[in-house]
Amino acid sequence: MTRTPLIAGNWKMNLDHQQAIALIQKIAWTLSDADFDYEAVEVVVTPPFTDLRSAQTLIDAEGFKIVLGAQDLSDNDSGAFTGDISGEFLSRLNCQYVLVGHSERRTIHGEDDEKVRLKIQAAIRHNLIPILCVGETLEQRNSGQMDLSVKQTLAALEGVNLENLVVAYEPVWAIGTGEVASAEQAEEVISMIRKGLAESKGAEFADKTRILYGGSVKANNVASFMKMPNIDGVLVGGASLDSEEFANIARYREHIGV
Ligand code: PGA
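Criteria and thresholds
Residues numbered from 1 in each chain as written. Predicted model: local features only at pLDDT ≥ 70, side-chain atom pairs only at ≥ 80, totals over all residues. Heavy atoms only, no water. Pairing = 2+ DSSP bridges. Helix = DSSP H or I, 4+ residues; strand = E, 2+ residues; numbered from the N terminus. Axes fitted to C-alpha atoms, helices over the stretch in contact; angles between N-to-C directions. Core = buried A, V, L, I, M, F, W, Y, C linked by side-chain atoms within 4.5 Å. Buried < 20%, exposed > 50% of the residue type's maximum accessible area, 1.4 Å probe, protein only. Contact = heavy atoms within 4.5 Å. Near = heavy atom within 4 Å. Polar contact = N/O pair within 3.5 Å; in protein donor to acceptor, adjacent residues only side chain to side chain. Areas by Shrake-Rupley, 256 points an atom, 1.4 Å probe, with all protein chains shown as cover. Nonpolar A, V, L, I, M, F, W, Y, C, P; charged D, E, K, R; others polar. 1 Å grid on protein atoms, 1.4 Å probe; cavity = no way out; pocket = protein on both sides within 12 Å on 5 of 7 lines; lining within 4 Å. Points joined across faces, edges and corners; volume = space filled by probe spheres on them. Salt bridge = Lys/Arg side-chain N within 4 Å of Asp/Glu carboxyl O. Right-handed = clockwise from strand over helix to strand, strands pointing away. Arc of directions from axis to C-beta.

**Examining the sheet that holds strand β7 (residues 210-214)**
Part 1 of the reasoning: Strand order in this closed barrel of 8 strands is β1-β2-β3-β4-β5-β6-β7-β8, and the pairing throughout is parallel. Across the sheet, the axes of successive neighbouring strands diverge by a mean angle of 25 degrees, strand direction being ignored.
Part 2 of the reasoning: With 3 bridges connecting them, strand β3 (residues 67-70) and strand β4 (residues 95-100) associate as parallel partners. What sits directly across from Gly69, in β4, is Tyr97.

Here it is in C-alpha cells:
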C-alpha cells in the first residue's frame, strides 16, 4: 500500500481573506515554477473560516491544485448553535479536509475525546476527511504516558465507521515552541498509533491511513521526518504562513533526493 504524502498548513487565527489570497497565490506560483508534482505530494491549506470563500474562488478560477481544508467544524449540522460552523457549509466551499481535536481546541475550548468523536462523525456526514490531531503534553510524556496518542485516536474513533482518515501526531510540547520532536521519537509514537488502528479497525484501514507529524516543522527538518517509514506527511503551523518556507517543505523530496 502506498500512501500519498500530505503536507498541510494550519494557519490558525492568522491572515484575513485578502492576505489569504496573496499567500495561496504565492505558494502556487512558487510550486509551479519548480514544476511541483501534486500527484506525488498532496498540499493542503487550512485558512480561517472567513478566508475560505475567497480561497475557494481563487483556487477554482486559477485551477490551482492546492486543496482546501478548515480548522474546525461543529458536531451539529444546523440550528441554534451561535458562532458554530457546519460541515455542510465547508463541503459547499469545496473543503476536502477538516482539522479535528487540535490541541488548541482541546485546551482553549475544552474539547474532550467525546466531543472530538462527535466532530469526526459530523465530518464524515459531510464527506470531509478528518485530520484527527492527537498528542501528549510534556507532563504526560514525563510521566510515561507515551500511549496517550493511541488512546486519544481510539477514543475518537470508537463506534465510528469511516473510510478516510488522517491522523496528526502533534506532541503539545513541540507546538509553536521551536522544540521539535526527533524523527525517531515521532516515528515511535506514530507506529504505535498505526498498530492501534490495525487492532481496532483492521490492517487494511491502518495501512491506508496517513499519519502526519506536527510541531515546529520547518524546511530544514522536514526531510528527517519524511524519511521515516510510518510518517506520511506533516502538519505545519508557523512555517505555513511563509510562502517560500511552506513551498520548500512541500518540496521535501528534493532535500532527500527522491
Ligand atoms: P507549529 O504548529 O508548526 O507552529 O509548531 C503546528 C500545529 O499546531 O499544527
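Moving on from the coordinates now.
**Here's the deal with the nonpolar core**
Part 1 of the reasoning: Within the largest apolar cluster, 71 residues are counted, with the highest numbers of intra-cluster contacts made by Ile24, Ile193, Leu197, Tyr213 and Ile249.
Part 2 of the reasoning: Contacts of Ile24, omitting those with residues within four sequence positions, involve Trp11, Val45, Ala55, Leu58, Ile59, Phe64 and Ile66.
Part 3 of the reasoning: With 13 residues, the next largest nonpolar core counts Leu6, Ala8, Ile129 and Leu235 among its residues.

**Considering the site of the ligand**
Part 1 of the reasoning: Inspection of the region around the ligand gives 13 residues, with Lys12, His102, Glu170, Gly176 and Ser216 positioned closest.
Part 2 of the reasoning: Contact between the ligand and Asn10: an oxygen atom at 3.4 Å from a side-chain N or O atom of the residue.
Part 3 of the reasoning: The protein chains hide 95% of the 280 Å² of surface that the ligand would expose on its own.
Part 4 of the reasoning: Grouping the amino acids of the shell around the ligand by side-chain chemistry returns 4 nonpolar, 7 polar and 2 charged.

**Structural notes on the layout of surface pockets**
Part 1 of the reasoning: One number sums up the size of the largest pocket: a volume of about 400 Å³.
Part 2 of the reasoning: In this structure, the largest pocket is lined by 14 residues; those nearest its centre are Lys12, Met13, Gln71, Arg105 and His109.
Part 3 of the reasoning: When residues of the lining of the largest pocket are assigned to their parent elements, the largest contribution, 3 residues, is made by helix α4 (residues 103-108).
Part 4 of the reasoning: Taken together, the residues of the lining of the largest pocket break down into 6 nonpolar, 4 polar and 4 charged.
Part 5 of the reasoning: Roughly 150 Å³ of volume is contained in the second largest pocket.
Part 6 of the reasoning: Residue lining of the second largest pocket: 15 residues in total, with Ser103, Arg106, Gly135, Gln152 and Val172 positioned closest to the centre.
Part 7 of the reasoning: At the level of elements, α4, β5 (129-134) and α7 (148-157) are the ones that each hand at least two residues to the lining of the second largest pocket.

**Structural notes on unusual backbone geometry**
Part 1 of the reasoning: Residue Lys12 is not a glycine yet carries a positive backbone phi of 55 degrees.
Part 2 of the reasoning: Within the fold, Lys12 resides in the loop between β1 (6-10) and α1 (17-33).

**Observations regarding the pattern of salt bridges**
Part 1 of the reasoning: All chains considered together, the criterion is met by 18 salt bridges.
Part 2 of the reasoning: Measuring nitrogen to oxygen at the nearest pair gives 2.9 Å for the salt bridge that ties Arg3 to Asp232. Placement of Arg3 in the segment before β1 and of Asp232 in the loop between α10 (222-226) and β8 (233-236) is noted, with a sequence separation of 229 residues between them.
Part 3 of the reasoning: Under the relative-accessibility criterion, Arg3 is labelled buried at 17%.
Part 4 of the reasoning: In this structure, the salt-bridge partner of Arg210 is Glu42, at a minimum N-O distance of 2.8 Å.

**Brief notes about the pairing of β1**
Part 1 of the reasoning: With 5 of 5 residues buried, β1 lies mostly within the body of the structure.
Part 2 of the reasoning: Residues Leu6, Ala8 and Asn10 of β1 are buried on one face, and the alternating residues Ile7 and Gly9, pointing to the opposite face, are buried as well.
Part 3 of the reasoning: At this point the chain moves from β1, through α1, to the parallel strand β2 (residues 42-46), and the crossover so formed is right-handed.
Part 4 of the reasoning: Strand direction decides the pairing type here: β1 and β8, joined by 4 bridges, are parallel. Considered in β8, the bridge of Gly9 is made with Val236.

**Side note on the side chain of Asn221**
Part 1 of the reasoning: As for its placement among the helices and strands, Asn221 is situated in the loop between β7 and α10.
Part 2 of the reasoning: In this structure, Asn221 is in contact with Val180 and Ser216, ignoring residues within four places of it in sequence.

**Quick look at helix α11 (residues 243-250)**
Part 1 of the reasoning: By the burial criterion, the buried members of α11 are Ser243, Phe246, Ala247, Ile249 and Ala250. Mapping the buried residues of α11 onto a view down its axis gives an arc of 155 degrees, with all of them on the same face.
Part 2 of the reasoning: In the core, the buried residues of α11 are packed alongside β1, α1, β2, α10, β8 and α12 (252-256).
Part 3 of the reasoning: One side-chain oxygen at the N-terminal end of α11 lies 3.0 Å from the backbone nitrogen of Glu244; it belongs to Asp242.

**Describing the side chain of Arg106**
Part 1 of the reasoning: On the secondary structure map, Arg106 appears in helix α4.
Part 2 of the reasoning: For Arg106, a relative accessible area of 14% puts it in the buried group.
Part 3 of the reasoning: A polar contact of 3.0 Å, which involves the side chain of Arg106, links it to the side chain of Asp113.
Part 4 of the reasoning: Those residues in contact with Arg106 that lie beyond four places of it in its chain are Gly101, Glu111, Asp113, Val116, Leu132, Cys133, Val134 and Gln152.

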